[in-house]
Amino acid sequence: MVLRGNFEENNGTTSSVASPPSPARENQPSMQRQGSRPRLVVPNRSKADNAGVTPGQVSGIDYLRDPKLFKGMAFSLEERQALGIHGLLPPRIKSLEEQAENCMRNLRRFQDPLNQYMYMVDLLDRNERLFYKLLSENIEELMPIVYTPTVGLACQKFGLAYKRPQGLFITIHDKGHIFDILKNWPESDVRAIVVTDGERILGLGDLGAQGMGIPVGKLALYTALAGIPPHQTLPITLDVGTNRQELLDDTDYIGLRHKRITGDEYDEFIDEFMQAVVRRYGQNTLIQFEDFGNHNAFRFLEKYRNLYCTFNDDIQGTASVAVAGVLAALKATNTKLTDHTFLFQGAGEAAIGIANLIAMAMEKNEGVPREEALRHIWLKDSRGLIVKDRPEGGISEHKADFAHPHEPMKELDEIVKELKPTVLIGAAAIPKVFTPEIIREMATINKQPIIFALSNPTSKAECTAEEAYTHSDGRAVFASGSPFPVFEGFGKRYEPGQGNNAYIFPGASLGVIATGIYHISDAVFLSAAEALADMVTDADLEVGRLYPPLRDIRDISVKIATKIAEEAYEEGTASTYPEPKNKEELIRSTLYDYDYSKTNALPAMYSWPNDVQQYFSK
């Protein structure tokens with residue numbers, strides 16, 4: 001039976017109760033408009049339809065307008081008629097698979113990656129579950145589109161292409177009212193926030209408010225790669241201004257038009273933000289700091305790590321995925337960590353994070369005291385090799401542990417010849433700094449030189465995979481931060497592994513959220529690195545790949561989350577009780593399901609006993 005809604009034009013009221021047609025008006029033309037259908041109770045919605053809406057407030061037209069509910073042409077004939085949307089869609093009924101295939105054909109028509117990025121953004125705006133199906137099932141093809149390297153270009157063009165809200169913008173002039181702005185976000189069950197102030201976006205520098213593309217992209221990967229429900233995520237940009245003059249002069253710039261505000265006012269702003277998040281969403285809300293400037297990233301991590309559920313992906317996430325690559329390289333070279341000398345091109349937050357985690361791994365896995373572990377690690381910054389009592393440039397606090405007695409040196413090629421490193425890691429976004437001469441020197445020193453060019457986007461990489469293999473006679477053990485194509489040479493096929501943080505932060509965050517961890521230690525990221533390295537097979541190493549295939553990333557995330565969950569319960573840091581016997585089952589029970597072919601938009605229909613349905617009679 002099709003329910004009919006009653007609209008009273010004279011008094012302007014609507015009825016959500018089904019009523020029979022009025023005989024007096026049965027043959028009269030009535031006003032019908034989109035959305036005038038009855039408000040239908042959403043049935044027992046599965047996780048695939050976990051849109052967080054109030055059932056009594058969902059009308060038929062909402063299923064076309066709300067990207068969380070929209071199923072494209074997959075609505076059945078029964079759904080279309082009962083919801084009052086019959087005729088608003090083409091008559092053909094398509095399956096979810098057919099829709100996905102159509103989207104991929106459309107996407108591949110675009111040659112420009114930025115146009116492909118915009119297509120995916122538009123898809124997310126109109127059909128959320130179809131977007132996540134495409135991204136989850138085509139991750140190797142689409143992750144470079146929705147995240148690095150294309151997201152960097154998207155951030156640069158963000159003001160030009162901005163269409164509709166995808167997160168919250170909170171400015172420093174909103175101090176005193178941050179909680180009020182958080183209340184404006186329509187979802188109340190937020191479990192994970194990615195926040196940036198846009199000061200150091202990838203290797204592109206200060207992009208101000210246009211850095212919003214990073215939190216949006218990161219959280220899309222939370223869902224696609226780890227199954228964290230999208231309504232539980234919130235992208236936030238804290239706009240304190242920008243120091244890039246070309247943005248301040250840009251007609252299309254979307255942020256505050258003044259220089260960055262710093263000092264006490266800035267710190268008070270961040271403090272209020274952290275407190276407001278806890279007040280609004282709870283103490284165990286995960287807050288991921290992303291692309292803050294080096295000078296703020298380290299101090300915020302130390303300031304907040306024991307007060308909130310927080311981590312910095314640029315420091316800890318990058319460190320974890322890089323150390324996973326190093327541990328895999330140990331298998332490829334049949335060596336131990338203490339067999340190696342590590343040289344970093346760069347001493348920013350990524351390099352320091354990796355270096356600290358390598359030292360922690362030496363201490364944990366090989367029983368080496370931290371002081372001794374540090375002696376295996378050297379860093380070079382813009383002023384040269386970091387050494388004790390360096391006469392020029394000085395040494396900041398977070399670099400001090402890696403300052404060893406040595407004569408000052410400035411040029412990387414000379415440092416390589418002097419220190420004879422076995423592992424060369426680039427994380428300073430200086431393109432082509434690993435010159436053919438340096439790569440050849442590494443190959444002269446080592447039988448299998450380990451070379452990681454971790455900077456992204458691709459234009460900022462220290463070298464390409466082809467250059468690393470070519471100038472080392474095919475002997476380099478190589479990984480990069482951005483994807484590089486397959487290389488064939490020296491009688492072998494090479495499939496370079498991309499050390500993308502996406503291997504780590506979705507799974508680590510999933511484990512933290514599922515178990516209710518309140519504070520995230522570096523041990524969590526070392527465990528994640530070990531779990532990832534354990535999944536690298538001999539077949540992967542045979543083709544030079546130091547990471548498992550991206551196509552398996554969803555299962556990888558679950559395994560990382562499971563290991564984190566097991567250790568959290570062992571160490572007493574989990575707050576989700578009762579403790580489940582099967583930790584993987586706990587993790588999988590929380591996952592988002594994008595398959596709307598298993599859902600029905602119509603209310604569940606059932607009957608009552610006959611005797612209670614009888615009209616009352618004396």
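Here the structure is shown first, and the text comes after it.
These remarks concern the structure in this document. This structure is a prediction, so every number in the text was calculated from the model and none was measured. (Residues numbered from 1 in each chain as written. Predicted model: local features only at pLDDT ≥ 70, side-chain atom pairs only at ≥ 80, totals over all residues. Heavy atoms only, no water.)

Looking now at unusual backbone geometry. Pro149 follows Thr148 through a cis peptide bond whose omega is 5°. The residue after Tyr577, namely Pro578, is reached through a cis peptide bond having omega 5°. Within the secondary structure layout, Pro578 lies in the loop between α23 (553–571) and α24 (583–589). Positive phi outside glycine occurs at Lys420, with the angle close to 50°. The topology assignment puts Lys420 in the loop between α17 (412–419) and β11 (423–426). The backbone of Lys432 shows a phi angle near 65°, a positive value even though the residue is not glycine. Here Lys432 is to be found in the loop between β11 and α18 (436–445). (Helix = DSSP H or I, 4+ residues; strand = E, 2+ residues; numbered from the N terminus.)

For the rest of this paragraph, the subject is the packing of aromatic side chains. Per the stated rule, a full pass over the model turns up 22 aromatic pairs. Note on Phe131 and Tyr132: the rings are 4.9 Å apart at their centroids and 85° apart in plane angle, and the pair reads as edge-to-face. Measuring from centroid to centroid gives 5.0 Å for Phe289 and Phe292, while their planes differ by 50°, and the two rings are tilted. Its relative accessible area of 0% is what places Phe292 among the buried residues. Aromatic ring contacts, followed pair by pair, group Tyr266, Phe289, Phe292, Phe300, Tyr304 and Tyr308 into a single cluster. Above the ring of Phe110, the side-chain terminus of Arg109 is found at 5.5 Å from the ring centroid. Taking NZ or CZ as reference, Arg279 lies 3.7 Å from the ring centre of Phe179, over its face. (Phe/Tyr/Trp six-rings, centres within 6.5 Å; stacked < 30°, edge-to-face > 60°. Buried < 20%, exposed > 50% of the residue type's maximum accessible area, 1.4 Å probe, protein only. Lys NZ or Arg CZ within 6 Å of the ring centre and 35° of its normal.)

So, about the sheet that holds strand β9 (residues 377–381). In spatial order, the strands read β10-β9-β8-β11-β12-β13-β16; together these 7 strands make up an open sheet with mixed pairing. Both outer strands of the open sheet, β10 (384–385) and β16 (497–498), are each paired with one neighbouring strand and no more. (Pairing = 2+ DSSP bridges.)

Attention shifts here to the pattern of salt bridges. The tally for this structure, following the rule as stated, stands at 37 salt bridges. Of the charged contacts, one joins Asp314 and Arg200 as a salt bridge, the two residues approaching to 3.3 Å between their closest N and O atoms. One end of the pair, Asp314, is in helix α14 (residues 313–333); the other, Arg200, is in the loop between β4 (192–196) and α10 (213–226), with 114 residues separating them in the sequence. Residue Asp314 is classed as buried on the basis of its relative accessible area of 7%. Taking relative accessible area as the criterion, Arg200 reaches 24% and is therefore assigned partly exposed. For Asp593, the salt bridge is made with Lys598, and the minimal N-O distance between the two is 2.6 Å. Taken together, the shared-partner salt bridges in this structure form one network comprising Glu488, Arg493, Glu495, Asp540 and Arg545. (Salt bridge = Lys/Arg side-chain N within 4 Å of Asp/Glu carboxyl O.)

Looking now at the nonpolar core. One broad rule of soluble globular proteins: the nonpolar side chains tend to lie buried together. Leu182, Ile236, Phe273 and Phe344 are the most contacted members of the largest nonpolar core, which has 163 residues in total. If one sorts the elements of this core by residue count, α14 sits on top with 11 residues. If sequence neighbours within four positions are ignored, Phe273 has contacts with Ile170, Ile178, Ile193, Val195, Ile236, Leu238 and Ile287. Judged by nonpolar contacts, the second largest core, of 27 residues, contains Val433, Ile438, Ile439 and Tyr494. (Core = buried A, V, L, I, M, F, W, Y, C linked by side-chain atoms within 4.5 Å. Contact = heavy atoms within 4.5 Å.)

This paragraph deals with the packing of α14 against helix α21 (residues 522–534). One way to put it is that α14 packs onto α21 with a least axis distance of 8 Å and a crossing angle of 40°. Here α14 lies oblique to α21, going by the angle between them. In this structure, α14 crosses over α21, and the sense of that crossing is right-handed. Of the residues in α21, those touching α14 at Gln316, Gly317, Ser320, Val321, Val323, Ala324, Leu327, Ala328 and Lys331 are Asp522, Phe525, Leu526, Ala528, Ala529, Glu530, Leu532, Ala533 and Asp534. Counted by class, the contact of α14 with α21 contains 11 nonpolar, 3 polar and 4 charged residues. (Axes fitted to C-alpha atoms, helices over the stretch in contact; angles between N-to-C directions. Parallel < 35°, antiparallel > 145°, perpendicular 65-115°, else oblique. Left-handed = near helix turned anticlockwise from the far one by under 90°. Nonpolar A, V, L, I, M, F, W, Y, C, P; charged D, E, K, R; others polar.)

Our next topic: the side chain of Asn501. Residue position: Asn501 is located in the loop between β16 and α20 (505–515). Engagement of the side chain of Asn501 in a polar contact is seen with the side chain of Asp313, the distance being 2.9 Å. The contacts of Asn501, once residues within four sequence positions are left out, are Lys218, Asp313, Gly317, Thr318, Val321 and Pro506. (Polar contact = N/O pair within 3.5 Å; in protein donor to acceptor, adjacent residues only side chain to side chain.)

Take helix α6 (residues 139–146) next. In terms of residue burial, α6 counts as a mostly covered element, since 6 of its 8 residues are buried. Along α6, the residues classified as buried are Ile139, Leu142, Met143, Pro144, Ile145 and Val146.

So, on to the environment of Tyr596. Here Tyr596 lies in the segment after α24. Residues Tyr596 and Ala428 lie 168 residues apart in sequence; the distance between their C-alpha atoms is 44 Å. Aside from chain neighbours lying at most four places away, what touches Tyr596 is Phe70, Lys71, Ala74, Leu96, Gln99, Asn127, Arg129 and Leu130. At 2.5 Å, the side chain of Tyr596 and the side chain of Gln99 are in polar contact.

Before going further, it helps to spend a moment on the sheet that holds strand β6 (residues 286–289). Spatially, 5 strands are ordered β3-β5-β4-β6-β7 in an open sheet, and the strand pairing comes out parallel. Taken across any chain shown, the strands that pair with only one partner, and hence form the sheet edges, are β3 (168–171) and β7 (310–312). Within this sheet the neighbouring strands show an average axis-to-axis angle of 25°, counted without direction. Relative to β7, β6 runs parallel, the two being bridged by 3 bridges. Within β7, the position partnered with Phe289 by the bridge is Asn312.

This part covers the packing of helix α5 (residues 128–137) against α10. For the pair α5 and α10, the least separation of the axes is 9 Å and the interaxial angle reads 70°. Taken as axis vectors, α5 and α10 run roughly perpendicular relative to one another. On α10, the residues touching Phe131, Tyr132, Leu135 and Ser136 of α5 are Ala220, Leu221, Thr223 and Ala224. Within the contact of α5 with α10, the residues separate by chemical class into 6 nonpolar, 2 polar and no charged.

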